[in-house]
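# Understanding the architecture of this molecule
Letter by letter, the chains look like this.
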Amino acid sequence: MNVMEKPDNLILVIFGASGDLTSRKLIPALFSLKVQKLLPDKFAVIGCGRTEYSDENFRNKMKESILSFSEEKNPDKVLIDEFTRTLHYFPIDSSNESDYKKLKEKLYEIAKELDSPANFIFYMATPPSMYSGIAENLHAVQLADQQEGFRRLIIEKPFGYDLVSGRELNRKLHELITEDQIYRIDHYLGKETVQNVLVTRFANGIFEPLWNRNYIHRVEITSAESIGVEERGGYYDSSGALRDMVQNHLLQMVGLTAMEPPSSLESNSIRNEVLKVLQSLQPVSEEDVAKKVIRGQYTGSTIRGVCVPGYRYENDVAKDSRTETYVAIKFFINNWRWGGVPFYIRTGKRLPTRVTEIVIHFKKTPHHLFQRESGNLTSNQLIIRIQPDEGILMKFDMKEPGAGFNVKNVNMDFHYTDLADIRVPSAYERLLYDVMTGDSTLFSRDDVVETAWKFVEPIQKAWANKPELKIYGYPAGTWGPSVSNDLIEGCGLTWRYPCKNLSDDGLYCEL
Ligand code: BG6
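Here is a short report on the structure shown in this document. Every value quoted in this text rests on a predicted model; they were computed, and no experiment measured them.

Assigned secondary structure in the protein consists of 13 helices and 19 strands. For the protein, the C-alpha radius of gyration of 24 Å lies close to 24 Å, the compact-globule estimate for 511 residues. With respect to the principal axes defined by its C-alpha atoms, the protein has extents near 80 × 50 × 50 Å. Out of the 511 residues in the protein, the part that is buried amounts to 55%. Across the protein, the fraction of contacts at a sequence separation of at least 24, relative to all contacts at a separation of at least 6, is 77%. Only carbon and sulfur atoms are counted for the fraction: they give 52% of the accessible area of the protein, which is about 22,700 Å². Charged side chains of the protein number 62 positive and 70 negative; the gap between the two group centres comes to 4 Å.

Okay, structure coming up:
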């Protein structure tokens, strides 16, 4: 991390502390901050939930989570003990106002013991349906007032279910607290390599002159997962890939790829530019959905000798479900920089590999002098690999040694792992640290969230209102419905088929 200052003393309250997010992500991330000496000098966590735990039980459970999920190599047991001593547990019925009065007493008591100001952060690691109820109760017992210290609220996506509910959630929260107290987590923004999009673009003078409609043929963004819905069938079946990944993670990546240079690194200056991109997205009208959006659902298959069930046979998924596990969209950005450049984004579960990347396809040379092994295809691509094998790849043409002028497409690559011993911090580490220091740059702002909903709304409506719009099956372990290649404008062009190694691509990759 760049800024190594310690946050002011504070207490972090986690609602939903007995859940998976707390044990798999939040506590290991806090422990990593402890290892890096980036936690406040005086710090405590209060885990809240319905389950009854004593402090001792909770500490032991969290100790196990650190041992299982921490990204620290060989975590130091003494440090784990020191860290878990800062953890407390407070059973609560989060819909009961009088429980919040007791929570308030507990918070002040701990703040007094720590001799710390009453700075409190509330993390809602709960189902989204509980967000506004918790905020109301915090407000009712004055735990949202900032007179005696800062009060910040962290919420996880989904921020609503569609444009109307997203707006309604924002409206309710704004009745209780101010926008600058709200930190909406889109964990993609916490990924080092997503932030590196900004650095690649704006720390290097060589890309900017080319980063526009004059030189770029198309932009492709892929976020592929090899896993299925696992134990989240209930949630996923009412969500689908469009809500789960496109409305948030993919559109944020579009924003960072397409934005104008911000005037500074100040949080609103970056978020204003992202907002402008989202406001410039050419709406995909309900009528256009058939032509510009492909949805798919994985069917049962055998992947490397293992039978995997089709989506409809996953736990808690309706047997006749029409929820998409794959979506690909073509759209344009109506502004001077991008007018006429198609953007293609896709995401899906049970694809061949887990990979997220941004591919900038540059235009072809105006005159072809040489015989090229790649024929008519574009020769220059810049690939920003978000995960795995994080790095950057530039593809361009070179002369093959020997007689004549045979041209071969070659790679020039940089892998994050080349940065020797620097561990790439997890997204949650970065985001928790940023909330503690009050930096909201990497969090979704209300207007950005609503504008993103506005873009996906006609697609949601078309799918809901027009049963004739197809949902294509694709065998688990393949690159989604083959018709999604028809979205790509240009003879013989297809999506890139990335492999787990940044430098390789192709339908058949190293396993
Ligand atoms: C979450 C989605 O936001 O992102 C999940 O709800 C998805 O369905 C996950 O699996 C992907 O995150 P990552 O960091 O593994 O790319």
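Before going further, it helps to spend a moment on the packing of aromatic side chains. Tallied over the full model, the rule gives 21 aromatic pairs. Measuring from ring centre to ring centre gives 6.4 Å for F120 and F122, while their planes differ by 70 degrees; the resulting arrangement is edge-to-face. For the pair F120 and F122, one class covers both residues: buried. Look at F414 and Y416: their rings are 5.9 Å apart centre to centre, the planes differ by 55 degrees, and that puts the pair in the tilted class. Positioned above the aromatic ring of Y188, the side-chain terminus of K191 is 4.7 Å from the ring centre. The lysine or arginine in question, K399, covers the ring of F405, its NZ or CZ lying 5.8 Å from the ring centre.

Once that is clear, we can look at a nonpolar patch on the surface. On the surface, a nonpolar cluster with roughly 350 Å² of combined accessible area is contributed by L369, F370 and F405. Note on placement: F405 falls in the loop between strand 16 (391–399) and strand 17 (406–415). We classify F405 as exposed; its relative accessible area is 53%.

Turning our eyes to something else, we now look at the state of the cysteines. In this structure the tally under the stated criterion is one disulfide. Across the disulfide from C499 sits C509; the S-S distance is 1.7 Å. Judged by the sign of its S-S torsion, about -55 degrees, the bond between C499 and C509 is left-handed. Of the two residues, C499 is situated in the segment after strand 19 (472–475) and C509 in the segment after strand 19; the sequence distance between them amounts to 10 residues.

Pairs may arise between side chains of opposite charge once their charged atoms sit close together. All chains considered together, the criterion is met by 26 salt bridges. Between E82 and K34 there is a salt bridge, with its nearest N and O atoms 2.9 Å apart. Within this pair, whereas E82 is found in helix 3 (residues 77–84), its partner K34 is found in helix 1 (residues 20–35), the two being separated by 48 residues in sequence. By relative accessible area, E82 is classed as partly exposed at 34%. Taking the shortest distance from any N to any O, the salt bridge between E168 and R171 comes out at 2.7 Å. Taken together, the residues span about one helical turn, with E168 and R171 both in helix 6 (residues 163–176) at a distance of three residues. In this structure E168 comes out as partly exposed when scored by relative accessible area, which is 31%.

Conventions we followed
Residues numbered from 1 in each chain as written. Predicted model: local features only at pLDDT ≥ 70, side-chain atom pairs only at ≥ 80, totals over all residues. Heavy atoms only, no water. Helix = DSSP H or I, 4+ residues; strand = E, 2+ residues; numbered from the N terminus. Rg over C-alpha atoms; globule rule 2.2 N^0.38 Å. Buried < 20%, exposed > 50% of the residue type's maximum accessible area, 1.4 Å probe, protein only. Contact = heavy atoms within 4.5 Å. Areas by Shrake-Rupley, 256 points an atom, 1.4 Å probe, with all protein chains shown as cover. Lys, Arg positive; Asp, Glu negative; His and termini not counted. Charge placed at Lys NZ, Arg CZ, Asp CG, Glu CD. Phe/Tyr/Trp six-rings, centres within 6.5 Å; stacked < 30°, edge-to-face > 60°. Lys NZ or Arg CZ within 6 Å of the ring centre and 35° of its normal. Patch = residues over 30% accessible without salt bridge, like charges linked within 9 Å, V, L, I, M, F, W, Y side chains within 5 Å. Salt bridge = Lys/Arg side-chain N within 4 Å of Asp/Glu carboxyl O. Disulfide = S-S within 2.5 Å.

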